[in-house]
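# Working through the structure, step by step
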Amino acid sequence: MSTRDLRTRLQTVRAYLGTYGWLALGGAILVLVGLQWLGPLSTSRASLLFFAVGLFLVVWNLLLLRATGVLEFAHDHAWTLLAVFAVGAVAVQAAGLLNSYWSTVALQMFMFGVLALSWDLIGGQTGYPSFGNMAFFGIGGYTAAVLFKNYGVALPLTLVVAAVMALVFAAIIGVIVLRLRGGYFAIATLGVLLVAIQVARNLSITGGTDGIILLDVPDQALIYYGMLAVLVTEIAVVYYLSTTRFGYVLNTIRDDERKATAMGINTTYYKTAAWGLSALFTGLVGAMWAPYNTFIDPATAFNTAWNVEFIVMAFIGGTGTVIGPVLGAFGIRSLVFQIDSLFTGWQLVVLGVVVIVTVIGLPEGLVGQLKQRASALKYYEYGGGAAGGAEAADADATEGGND
Amino acid sequence: MATDPQTGSAAGTADTAVIRTENVTKRFGGLTAVDSVDMHVDRGEIVGLIGPNGAGKSTLFNCITGAYEVDEGHVYLNGTDVTGSSERTMSQAGLVRMFQETRVYGEMSVEENLLVSSRYDTDVLSQFRTPSQETREKADELLAYVDLDGLRDMEAGRMSFGQQKLLEFAMALMADPDVLLMDEPAGGINPSMIEQMLDYIRDTNTEQEVTILLIEHNMDFVMEIADRIYALAHGERIAEGTPTEIQNDDRVLDAYLGRE
């Protein structure tokens, strides 16, 4: 008993030491960069990068030290925080504080937020790793483009039809592919995406490989508001669902579908619903992207690079959490834009490094890691358990020593 | 009886038998895992199912719960023929099972594990509401009962094995079972917790009037708790009786000790 207590204590101390260590390193970097900025070297591109790393280390480790408090605050004030975000994002655009460049950055952050959160609904919450979500994006985009261009349908109406089309398509495909699990499901959904690309290339209504050019589209500000509205709505919907039995059931499917079935849950119904909801939101932003881009062709509608990018975003932010994928999307998108302007051509290299560091250092993603830390701290307070104490302490020790 | 074997043989004890299997046979290719097993569990009983490894105990469980389709024979629940029913149907009829390899929803919190195991709030509209007060109170009660209330926000998969076992038990109770099927409740837990588990099972049986069928390898455990015991070997039922009868049964001793 006392040996275990001592061991647990030591590991707690080690975890904290790790966190303080990284905090000190981050602080040192910030001071050094600051001194350099004061001196003759002035602001260099490399120093900006160091500054960003130092700032991240400081902020992240401060968050880790206050993990329980941070999560409780976010949980207690979730709706207020969402409202503040929504009002703030509308205000900066309406007040003209965003120039065209930053407006583009923000618009894409919102869109990728939706894509990552939608993927997480099926991939993270339900545990079905879809590699075909871009198919819904393309279907939404093409539906809007064809209706707008060929039939003169008003854009708001095309959005509704596009979302419904994506939903129906998901339901039909879902009946077939949702019987598969894990890697088999991933491959099957990737197949769906590849088929969608080929079909779009060969149909005349989609303009084949030439695509469709859209004219007389609304200005960027309107699409900015549209993307923002979809993002805020989706965050609200997913957050609300995560507190209901529906949300819990999705998690049981991820954790142990066999057990869920034995407990009397009709898992087919739930996972099809999650997949449909994921498709609906993805199709909706696809339908906004087409007029924003003023052009749609198979390569942009079913962008396979994006298909991977929003999965990476969800993982970096923390799969199975509500805000994680959105933060991951915001972080990666703004990082890509910043690197592109500072070190043109290096964005994929930096992205690769970020992915590797995250996978090794933060396997649960940012929000996931915060949750684990809070959970481990609670376990210490409770006094741990026979076998679990040491395991939890070990897990925590590794958490402390990462960035 | 010969003209109508199903109703004929079931009629005698239909009112008390909660679970009855008749001639249940399950084959996997050439292997007959369960071979024409007849058994019954009466209301309010605790029945043990013993047998060496590979005797077909878990397979029989799976045949009863509807996880496997039986090749021959019938399964009755409260006198109704439920042969071929899905696990979902059986579970909704009040039959709850626990697994040999303790299964909890690892990445969900302890409290969520319980809330989602409730059989209340399962109509369509309730799915989209937060769990009802009634469900929450029941979850709180059960958390206190198995002494896990300090861990309610803990990720279930991060707890110790023994704690997960207790959680799985609480989840089964959360589903408000009429019959509880337990696969090795004393497997892999320490001696002091075995005592605790005995109390929990007895309590569930007497206080909450849950009929219990359990598989167990720990002979002391099963002898102490079971009202009646069935012994299986090579898929066949080799003995039935009270713990004392089973302990003195030559066929059981042969099967366990490998005497020929």
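So, here's what we can say about the structure. (Residues numbered from 1 in each chain as written. Chains lettered and ligands numbered in written order. Predicted model: local features only at pLDDT ≥ 70, side-chain atom pairs only at ≥ 80, totals over all residues. Heavy atoms only, no water.)

### Focus: the overall build of chain A
Rules: Here a strand is any run of E in DSSP of at least two residues, a helix any run of H or I of at least four, and the numbering for each starts at the N terminus. It is over C-alpha atoms that the radius of gyration is taken, and the globule rule equals 2.2 Å times the number of residues to the power 0.38. Burial classification: accessible surface area is computed with a 1.4 Å probe over protein chains only, and a residue below 20% of its type maximum counts as buried, one above 50% as exposed, and the rest as partly exposed. Note on definitions: a residue-residue contact is assigned when non-hydrogen atoms from the two residues lie within 4.5 Å. Where accessible areas are quoted, they stem from the Shrake-Rupley method and a 1.4 Å probe; at the residue level, only the protein chains shown are allowed to cover. Note that His is not counted, nor are the chain ends; the positive residues are Lys and Arg, and the negative ones are Asp and Glu. The atoms used to mark charge sites are NZ of Lys, CZ of Arg, CG of Asp and CD of Glu.
Secondary structure assignment for chain A yields 17 helices and 2 strands. Over its C-alpha atoms chain A spans a radius of gyration of 23 Å, differing by no more than 12% from the 22 Å that the globule rule assigns to 403 residues. Along the longest, intermediate and shortest principal axes, the C-alpha atoms of chain A span 75 × 70 × 35 Å. Counting across all 403 residues of chain A, residues that qualify as buried make up 51%. For chain A, the share of sequence-separated contacts (at least 6 apart) that also reach a separation of at least 24 residues comes to 80%. Accessible area of chain A: about 17600 Å², with a carbon and sulfur share of 72%. Within chain A, one finds 19 positive and 21 negative side-chain charges whose respective centroids are separated by 7 Å.

### Points about the overall build of chain B
In terms of helices and strands, chain B carries 10 helices and 10 strands. Relative to its length of 260 residues, chain B is compact, with a C-alpha radius of gyration of 19 Å against a globular reference of 18 Å. By principal-axis analysis of the C-alpha atoms, chain B measures approximately 55 × 40 × 35 Å. Here chain B displays about 11100 Å² of accessible surface, and carbon together with sulfur accounts for 46% of that area. Where the 20 positive side-chain charges of chain B centre and where its 47 negative ones centre are 3 Å apart.

### Re the sheet that holds strand E7 (residues 179–183) of chain B
All names here are of chain B. Where we set the bar: Pairing between two strands requires that DSSP report at least two bridges joining them. Note on geometry: axes are lines fitted to C-alpha atoms, helical ones only across the stretch in contact, with angles between N-to-C directions running from 0 to 180 degrees.
Read from one edge of the open sheet, 6 strands run E6-E7-E8-E3-E9-E10, paired in mixed fashion. In this open sheet, the two edge strands, each paired with only one partner strand, are strand E6 (95–97) and strand E10 (236–241). Neighbour to neighbour, the strand axes of the sheet diverge by 15° on average, direction disregarded. Across 4 bridges, the pairing between strand E3 (residues 46–50) and strand E8 (residues 211–215) is parallel. Its bridge partner being in E8, valine 47 is matched across the sheet by leucine 213.

### Details of the pattern of salt bridges
To keep it simple, the criterion reads: By convention in these notes, a salt bridge is any Lys or Arg side-chain nitrogen within 4 Å of a carboxyl oxygen on Asp or Glu.
Throughout the structure, instances matching the rule amount to 19 salt bridges over all chains. Of the charged contacts, one joins arginine 103 of chain B and aspartate 256 of chain A as a salt bridge, the two residues approaching to 2.6 Å between their closest N and O atoms. On the criterion of chain membership, the pair formed by arginine 103 of chain B in the loop between E6 and helix H4 (110–117) and aspartate 256 of chain A in helix H10 (residues 245–262) is interchain, its members lying in two chains. In this structure, lysine 271 of chain A engages glutamate 257 of chain A in a salt bridge whose closest nitrogen and oxygen atoms are separated by 2.7 Å.

### Comments concerning the pairing of E3 of chain B
In the case of a regular strand, side chains alternate between the two sheet surfaces. Residue and element names in this part refer to chain B. Most of E3 sits out of view: 5 of its 5 residues are buried. A two-sided burial pattern is seen for E3, the buried positions comprising Ile46, Gly48 and Ile50 on one face and Val47 and Leu49 on the other. Pairing of E3 with strand E9 (residues 228–233), which is carried by 4 bridges, proceeds in the parallel orientation. Pairing of valine 47 across the sheet is with arginine 228, part of E9.

### Looking at the interface of chain A and chain B
Test applied: Throughout, the accessible surface (probe 1.4 Å) given up by two parts as they are put together, summed over both, is called the buried area. Polar contact is the term for a pair of N or O atoms within 3.5 Å; when the atoms are in protein, one must be able to donate a hydrogen and the other to accept it, and sequence-neighboring residues count only if both atoms are side-chain atoms. Charged means Asp, Glu, Lys or Arg here, nonpolar means Ala, Val, Leu, Ile, Met, Phe, Trp, Tyr, Cys or Pro, and polar covers whatever is left, Gly included.
Contacts between the two partners involve 38 residues from chain A and, on the opposite side, 41 residues from chain B. Of the roughly 3400 Å² buried between chain A and chain B on both sides combined, carbon and sulfur atoms contribute 54%. Among the ionic pairs, lysine 259 of chain A bridges to glutamate 168 of chain B, the shortest N-O distance being 3.2 Å. Counting across the chain A and chain B interface gives 17 residue pairs in polar contact (both at pLDDT 80 or more). For the side of chain A that touches chain B, the secondary structure elements donating two or more residues are helix H9 (220–241), H10, helix H11 (267–293), helix H16 (365–382) and helix H17 (388–400) of chain A. It is H10 of chain A that provides the largest number of residues to the side of chain A that touches chain B, a total of 14 residues. In terms of residue class, the side of chain A that touches chain B is made up of 18 nonpolar, 12 polar and 8 charged.

### What about a nonpolar patch on the surface?
The condition is simple: Patches draw on residues past 30% relative accessible area with no salt bridge. Two like charges within 9 Å are joined, as are two nonpolar side chains (Val, Leu, Ile, Met, Phe, Trp, Tyr) within 5 Å.
A cluster of nonpolar residues, Leu157, Val160, Val161, Val164, Met165, Val168 and Ile172 of chain A, forms a patch on the protein surface that exposes about 590 Å² of accessible area. Considering the arrangement of structural elements, one finds valine 161 of chain A in helix H7 (residues 155–177).

### So, H10 of chain A
All names here are of chain A. Our working rule: Each residue after the first adds 1.5 Å to the expected span of a helix. The quantity called bend is, for any residue, the angle between two axes fitted respectively to the seven residues ending at it and the seven beginning at it.
Taking 1.5 Å of rise per residue, 18 residues should cover 26 Å, yet H10 covers just 17 Å from first to last C-alpha, more than 12% shy of that figure. At aspartate 256, H10 shows its maximal bend, which comes to roughly 125°. Buried residues dominate H10, accounting for 16 of its 18 residues. In the stretch just after H10, glycine 264 is the one whose phi turns positive, near 95°.

### Here we look at the sheet that holds strand E1 (residues 17–28) of chain B
Residue and element names in this part refer to chain B. A sheet is described by the order of its strands in space; here 4 strands give the open sequence E2-E1-E4-E5, paired in antiparallel fashion. What marks the edges here is a single partner per strand, and that holds for strand E2 (31–42) and strand E5 (80–81). Note: strand E4 (residues 72–77) against E5, 2 bridges, orientation antiparallel. Note on E5: the bridge partner recorded for tyrosine 76 is aspartate 81. Contacts between helix H2 (residues 57–65) and the sheet are confined to E1, E2 and E4, with E1 contributing the most and set at about 115° to the helix.

### A closer look at the pairing of E4 of chain B
Residues and elements named next belong to chain B. The sheet contact formed by E1 and E4 spans 5 bridges and is antiparallel. Note that in E4 the partner of threonine 21 across the bridge is valine 75. Between E4 and E5, which pair antiparallel and follow one another directly, the connecting turn spans 2 residues, one of which, asparagine 78, has a positive phi of 50°.

### Regarding the layout of surface pockets
Residues and elements named next belong to chain A. Which entries qualify depends on this criterion: Buriedness for pockets is judged along seven lines, at least five of which must meet protein on both sides within 12 Å for an open set on the 1 Å grid over protein atoms alone, while cavities are sets there where a 1.4 Å probe fits but cannot get out, and lining residues have an atom within 4 Å of a point. Grid points are joined across faces, edges and corners, and a volume is the space filled by probe spheres set on the points.
Looking at the second largest pocket, its volume works out to about 360 Å³. For the lining of the second largest pocket, the elements supplying multiple residues, two or more each, are helix H6 (133–151), H7 and helix H8 (182–202). In terms of residue class, the lining of the second largest pocket is made up of 15 nonpolar, 2 polar and no charged.

### Observations regarding the environment of leucine 25 of chain A
Residues and elements named next belong to chain A. Examined against the element boundaries, leucine 25 turns out to sit in helix H1 (residues 2–38). On the accessibility criterion, leucine 25 (40% relative accessible area) is partly exposed. C-alpha separation for the pair leucine 25 and valine 238, spaced 213 residues apart in sequence, amounts to 37 Å.

### Observations concerning unusual backbone geometry
Leaving glycine aside, a negative phi is the common case for residues, and trans is the common case for peptide bonds. All names here are of chain B. The backbone of asparagine 23 shows a phi angle near 60°, a positive value even though the residue is not glycine. Tracing the backbone shows asparagine 23 in strand E1. The class of asparagine 23 is partly exposed, set by a relative accessible area of 35%. In this structure, asparagine 78 is a non-glycine residue whose phi angle is positive, near 50°. Take asparagine 78: it is sitting in the loop between E4 and E5.

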